[in-house]
Amino acid sequence: MASSKGGAASPAVLRASEMEKMSVEQLKALKEQIDLEVNLLQDSLNNIKTATGRLETTATSLHDLSLRPQGKKMLVPLTASLYVPGTLDDADKVLVDIGTGYFVEKTMNEGKDYCERKINLLKSNFEQLIELATKKKTVADEAGAILQTKLRQLAPTN
């Protein structure tokens, strides 16, 4: 969404004094833009939480798998809800999904390490996004307060 701020700073670093100079229309557009950005960040945060949970489950599964003896009968997941009977052949080698349908064979320890590195990366990204979303939400709240003040000033008094 284009705005007519004309060279103003990024919405994340706008000061209240800069917002007070804006027209009502500009403030409405700014607030809508920032609210949209906050919603997109919230979606990203939810996606990171989901991915982190899946990786933590995977890391736990790898640990459990490493404790099973060779030749152990087990159910093998084909999808989230479809399992087929199988036999554990070699618990030291695992296939790791590295994204977009690509799998890499790794040792059990390398698989566990991969999961831990991904979990740490996602947690770091999560913390950065939380900080950014908080800043943007603060700017949106300030813009909303200034907009309400301007609208009250424009309202006819009886």
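Throughout what follows, the structure given in this document is the object of discussion. (Residues numbered from 1 in each chain as written. Predicted model: local features only at pLDDT ≥ 70, side-chain atom pairs only at ≥ 80, totals over all residues. Heavy atoms only, no water.)

**So, unusual backbone geometry**
Glycine aside, residues mostly have negative phi angles, and peptide bonds mostly take the trans form.
Then step 1. Unlike most non-glycine residues, T100 shows phi in positive territory, near 50°.
Then step 2. Relative to the assigned elements, T100 resides in the loop between β3 (93-99) and β4 (102-107). (Helix = DSSP H or I, 4+ residues; strand = E, 2+ residues; numbered from the N terminus.)

**Digging into the nonpolar core**
The nonpolar side chains of soluble globular proteins are, as a tendency, buried together.
Then step 1. Counting 18 residues, the largest nonpolar core has L55, L62, L65, V94, M108, C115 and L129 as the members making the most contacts within it.
Then step 2. When residues of this core are traced back to their parent elements, those giving at least two are α2 (24-67), β3 and α3 (108-154).
Then step 3. Among all residues touching L62, those that are not within four sequence positions of it are V94, M108, G111, K112 and C115. (Core = buried A, V, L, I, M, F, W, Y, C linked by side-chain atoms within 4.5 Å. Buried < 20%, exposed > 50% of the residue type's maximum accessible area, 1.4 Å probe, protein only. Contact = heavy atoms within 4.5 Å.)

**Structural notes on the pattern of salt bridges**
Then step 1. One pass over the full model with this rule turns up 6 salt bridges.
Then step 2. Across the salt bridge formed by E56 and K123, the nearest N and O atoms sit 3.5 Å from each other. Here the residue E56 occupies a position in helix α2, and K123 occupies one in helix α3, the gap between them amounting to 67 residues.
Then step 3. K123 gets classed as partly exposed once you look at its relative accessible area, which sits at 39%. (Salt bridge = Lys/Arg side-chain N within 4 Å of Asp/Glu carboxyl O.)

**Some details on the environment of L151**
Then step 1. Within the element layout of this structure, L151 appears in helix α3.
Then step 2. With 127 residues separating them in the primary sequence, L151 and V24 have C-alpha atoms 7.5 Å apart.

**Regarding a negative patch on the surface**
Then step 1. Together, D89, D90, D92, E105 and E110 line one region of the surface with negative charge.
Then step 2. Among the structural elements, D89 can be located in the loop between β2 (83-87) and β3. (Patch = residues over 30% accessible without salt bridge, like charges linked within 9 Å, V, L, I, M, F, W, Y side chains within 5 Å. Areas by Shrake-Rupley, 256 points an atom, 1.4 Å probe, with all protein chains shown as cover. Lys, Arg positive; Asp, Glu negative; His and termini not counted. Charge placed at Lys NZ, Arg CZ, Asp CG, Glu CD.)

**Overview of the environment of Q148**
Then step 1. The topology assignment puts Q148 in helix α3.
Then step 2. Q148 gets classed as partly exposed once you look at its relative accessible area, which sits at 41%.
Then step 3. In this structure the C-alpha to C-alpha distance between Q148 and L27, which are 121 residues apart in sequence, comes to 9.9 Å.

**What to know about the packing of α2 against α3**
Then step 1. Following both chains from N to C, one finds α2 and α3 inclined at 160°, their axes separated by 7 Å at the closest point. In terms of orientation, α2 and α3 fall into the roughly antiparallel class. Crossing handedness for the pair α2 and α3: left-handed.
Then step 2. Taken together, the residues of the contact of α2 with α3 break down into 29 nonpolar, 8 polar and 13 charged. (Axes fitted to C-alpha atoms, helices over the stretch in contact; angles between N-to-C directions. Parallel < 35°, antiparallel > 145°, perpendicular 65-115°, else oblique. Left-handed = near helix turned anticlockwise from the far one by under 90°. Nonpolar A, V, L, I, M, F, W, Y, C, P; charged D, E, K, R; others polar.)

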